[in-house]
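# Observations on the model geometry
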Amino acid sequence: MQRVRGTQDFLDLTLFNFIIDRARRHLQRYAFREIATPILEPTELFKRSLGIFTDVVSKEMYTICAGEGDEQICLRPEATAATMRAFFNNNVEERPWRVFSWGSMFRHERPQKGRYRQFHQLNIEYIGAPSLFTDVECIALIDSFLSQGLMLDNYALHLNFLGSLEDRERYRGELRAFLDAQPVLPKAIVDRKETNLLRIFDLKDSDCQALLANAPTLIDSLSPESHAEWEQLQTLLAHVGVSFVINPRLVRGLDYYNKTVFEFVSMALGAQNALGGGGRYDYLSQTLGESDMVPSIGAALGIERLLLLLESRRDTLPLPREKALVALLPVAEAQQPLVLVCAQFLRHHGVCCESFFDGGSVKSMMRRANKHGARFAVIIGEEEQRENLVVVKDMVTGSEKKVRQEQLLDELNVT
Ligand code: AMP
């Protein structure tokens with residue numbers, strides 16, 4: 001049996017847990033609460049929120065079976081819409097509702113380095129937060145998480161402003177006029193022109209990119225009010241020391257964004273260079289059918305991409321030290337019960353123990369203890385059992401001594 005294409009087995013979670021642990025600590029300082037929402041969600045949630053013409057909904061959804069009645073359910077492809085659903089389903093009154101979550105997401109994309117079909121995201125959302133200051137705080141939060149929390153420096157922040165609905169409508173007209181004036185258009189652009197015009201900027205082919213290099217940009221056609229907000233966003237980011245690059249072609253793949261959008265990218269990641277991104281989604285609640293407008297902002301970071309960046313600098317990270325291992329070796333079967341009890345006693349006092357119950361010679365058990373990186377070996381033979389003693393061998397110095405069983409814990413001194 002092989003694992004499903006685009007999925008991974010994690011056999012060492014040290015770095016993964018480091019990221020989550022650091023995120024928890026960091027987000028606590030911003031008064032965030034950790035939540036978890038289901039992996040299974042109604043397919044309709046994403047059709048409405050992301051838009052039926054997005055790649056995620058039209059091509060990449062894992063719709064698994066019918067739910068109740070004729071309701072379709074799916075494996076969640078992202079977390080923002082689910083967080084908004086949870087906000088309403090649970091009648092949350094707190095505003096802004098500052099929450100974060102992490103977990104598996106599922107998209108049927110073509111697997112490649114840094115791109116999986118089951119991957120993990122850390123999601124950060126401010127639900128019910130209309131102020132532009134929150135946009136700044138949200139971006140600064142992520143920037144400082146990457147730089148201070150994870151000690152990364154090889155990334156950049158791309159920033160754009162999508163303006164209001166009216167700005168976008170006006171801009172769509174300008175963009176359409178630009179495209180209509182071109183003698184020929186690549187097929188990919190023709191396809192998106194009718195379904196999801198702004199998403200043409202996500203097209204990566206060089207002929208599309210070349211053509212779009214001369215296209216009008218959204219920030220050039222913002223209304224005076226939107227333009228003022230865009231200016232203020234940049235000023236405030238500078239105030240909190242966050243550097244950024246303006247990327248007028250950043251539209252982000254999903255439908256629900258307005259105003260601020262951003263992406264953190266790293267050259268060190270290769271083709272899939274985004275390590276996270278987000279933006280403001282003021283209209284999402286209404287798109288989901290709620291009557292209240294709940295202006296919000298949030299972001300998602302790709303944990304696999306962070307792992308790729310951290311892997312190469314693993315040695316420099318303050319990873320939690322593994323506890324010293326104590327190996328307990330019964331010389332013969334008759335000492336196995338004593339080893340069992342002894343190990344339980346030590347664990348109860350916080351010692352990390354491994355007992356060898358599979359028989360074999362003391363020599364072979366010692367070899368295994370060494371291979372497993374034991375700091376001490378505790379050897380109990382017939383004589384030791386009879387006289388309430390144990391032999392403690394220091395695996396670093398090689399020295400051995402007999403100690404009374406009651407003194408073993410003090411002797412080891414490894415908790
Ligand atoms: P998105 O929800 O598409 O904005 O994605 C947010 C972040 O999740 C991206 O910047 C990536 O770091 C990560 N991500 C998205 N899709 C995948 C995938 N298929 N495999 C691994 N990471 C992904």
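Everything here concerns the structure above.
What comes next concerns the included structure. (Residues numbered from 1 in each chain as written. Predicted model: local features only at pLDDT ≥ 70, side-chain atom pairs only at ≥ 80, totals over all residues. Heavy atoms only, no water.)

## Details of the overall build of the protein chain
Secondary structure summary: the protein chain contains 15 helices and 16 strands in total. In summary, the protein chain has a C-alpha radius of gyration of 28 Å against a globular reference of 22 Å for 415 residues, an excess of more than 25%. Principal axes of the C-alpha set define a box for the protein chain whose edges measure 95 × 50 × 45 Å. When the 415 residues of the protein chain are sorted by exposure, 51% land in the buried category. For the protein chain, contacts bridging at least 24 residues in sequence account for 68% of all contacts bridging at least 6. Working note: accessible area of the protein chain is about 20,600 Å², and carbon and sulfur atoms make up 50% of it. (Helix = DSSP H or I, 4+ residues; strand = E, 2+ residues; numbered from the N terminus. Rg over C-alpha atoms; globule rule 2.2 N^0.38 Å. Buried < 20%, exposed > 50% of the residue type's maximum accessible area, 1.4 Å probe, protein only. Contact = heavy atoms within 4.5 Å. Areas by Shrake-Rupley, 256 points an atom, 1.4 Å probe, with all protein chains shown as cover.)

## A few points about the pattern of salt bridges
A complete count under the given rule lists 29 salt bridges for this structure. Between R115 and E109 there is a salt bridge whose closest N-O contact spans 4.0 Å. Each member of the pair, R115 as well as E109, is classed as buried. Note that D282 is salt-bridged to R280, the shortest N-O span being 2.7 Å. As far as the burial class goes, D282 and R280 line up, both buried. (Salt bridge = Lys/Arg side-chain N within 4 Å of Asp/Glu carboxyl O.)

## Section: helix α9 (residues 224-239)
End to end, α9 covers 22 Å across 16 residues, agreeing with the expected 22 Å (1.5 Å per residue, within 8%). Among the residues of α9, S226, W230, L233, Q234, L236 and L237 are the ones counted as buried. For α9, the angular spread of buried residues about the axis comes to 165°, placing them on one side. For α9, exposure combined with an orientation more than 90 degrees from the buried face picks out P224, E225, A238 and H239. (Expected span 1.5 Å × (residues − 1). Arc of directions from axis to C-beta.)

## Points about the pairing of strand β11 (residues 296-302)
The buried count for β11 comes to seven of seven residues, which makes it a mostly enclosed element. What you see with β11 is no split at all: S296, G298, A300 and G302 on one side and I297, A299 and L301 on the other are buried throughout. Where strand β6 (residues 118-127) and β11 come together, seven bridges link them in antiparallel fashion. The residue of β11 that forms the bridge with Q121 is G302. Relative to β11, strand β10 (residues 274-280) is paired through five bridges, and the arrangement is antiparallel. By the bridge assignment, G277 is partnered in β11 with A300. (Pairing = 2+ DSSP bridges.)

## Examining the site of the ligand
Every one of the 14 residues lining the ligand counts as a neighbour, but R107, E109, Y116, R252 and A274 are closest to it. Q121 is positioned such that a nitrogen or oxygen atom in its side chain is 3.1 Å from an oxygen atom of the ligand. Between an oxygen atom of the ligand and a main-chain N or O atom of G302, the distance comes to 3.4 Å. Computed on the free molecule, the ligand has an accessible area of 480 Å², of which 91% lies beneath the protein chains in the complex. Of all elements in the fold, only β6, β10 and β11 reach the threshold of two or more residues within the shell around the ligand. (Near = heavy atom within 4 Å. Polar contact = N/O pair within 3.5 Å; in protein donor to acceptor, adjacent residues only side chain to side chain.)

## What to know about the sheet that holds β6
Whenever strands of a sheet pair, they do so through backbone hydrogen bonds, lying parallel or antiparallel. Reading across from one edge, β1-β5-β6-β11-β10-β9-β7-β8 is the order of the eight strands in this open sheet, with mixed pairing throughout. Edge positions in the sheet fall to β1 (33-34) and β8 (245-246), since each of these pairs with one other strand and no more. Contacting β1, β5 (97-106) and β6, helix α1 (residues 14-28) runs over the sheet at an angle of about 165° to β5. (Axes fitted to C-alpha atoms, helices over the stretch in contact; angles between N-to-C directions.)

## Digging into unusual backbone geometry
A cis amide bond links R95 with the next residue in sequence, P96, at an omega value of -10°. Note on placement: P96 falls in the loop between α4 (80-89) and β5. For A31, which is not glycine, the phi dihedral falls at a positive 60°. Look at A31 and you get exposed, because its relative accessible area is 51%. Of note, the phi angle at M151 is positive, near 55°, even though the residue is not glycine. Note that M151 resides in the loop between α5 (132-149) and β7 (156-161).

## So, the nonpolar core
In terms of nonpolar packing, the biggest core is built from 48 residues, with I142, L146, L150, F262, F264 and L275 touching the most fellow members. Within the residue set of this core, elements represented by two or more residues are α1, β6, α5, β7, α9, β9 (258-265), β11 and α11 (303-311). At nine residues, the largest contribution of residues to this core is made by α5. (Core = buried A, V, L, I, M, F, W, Y, C linked by side-chain atoms within 4.5 Å.)

## Let's talk about the packing of α5 against α9
Between α5 and α9, whose axes approach to 10 Å, the crossing angle comes to 40°. By the angle between their axes, α5 is oblique relative to α9. α9 is crossed by α5, and the crossing has right-handed handedness. For the pair α5 and α9, contact is made by L132, F133, D135, V136 and I139 and by E229, Q232, L233, L236 and L237, respectively. For the contact of α5 with α9, the per-class residue count stands at seven nonpolar, one polar and two charged. (Parallel < 35°, antiparallel > 145°, perpendicular 65-115°, else oblique. Left-handed = near helix turned anticlockwise from the far one by under 90°. Nonpolar A, V, L, I, M, F, W, Y, C, P; charged D, E, K, R; others polar.)

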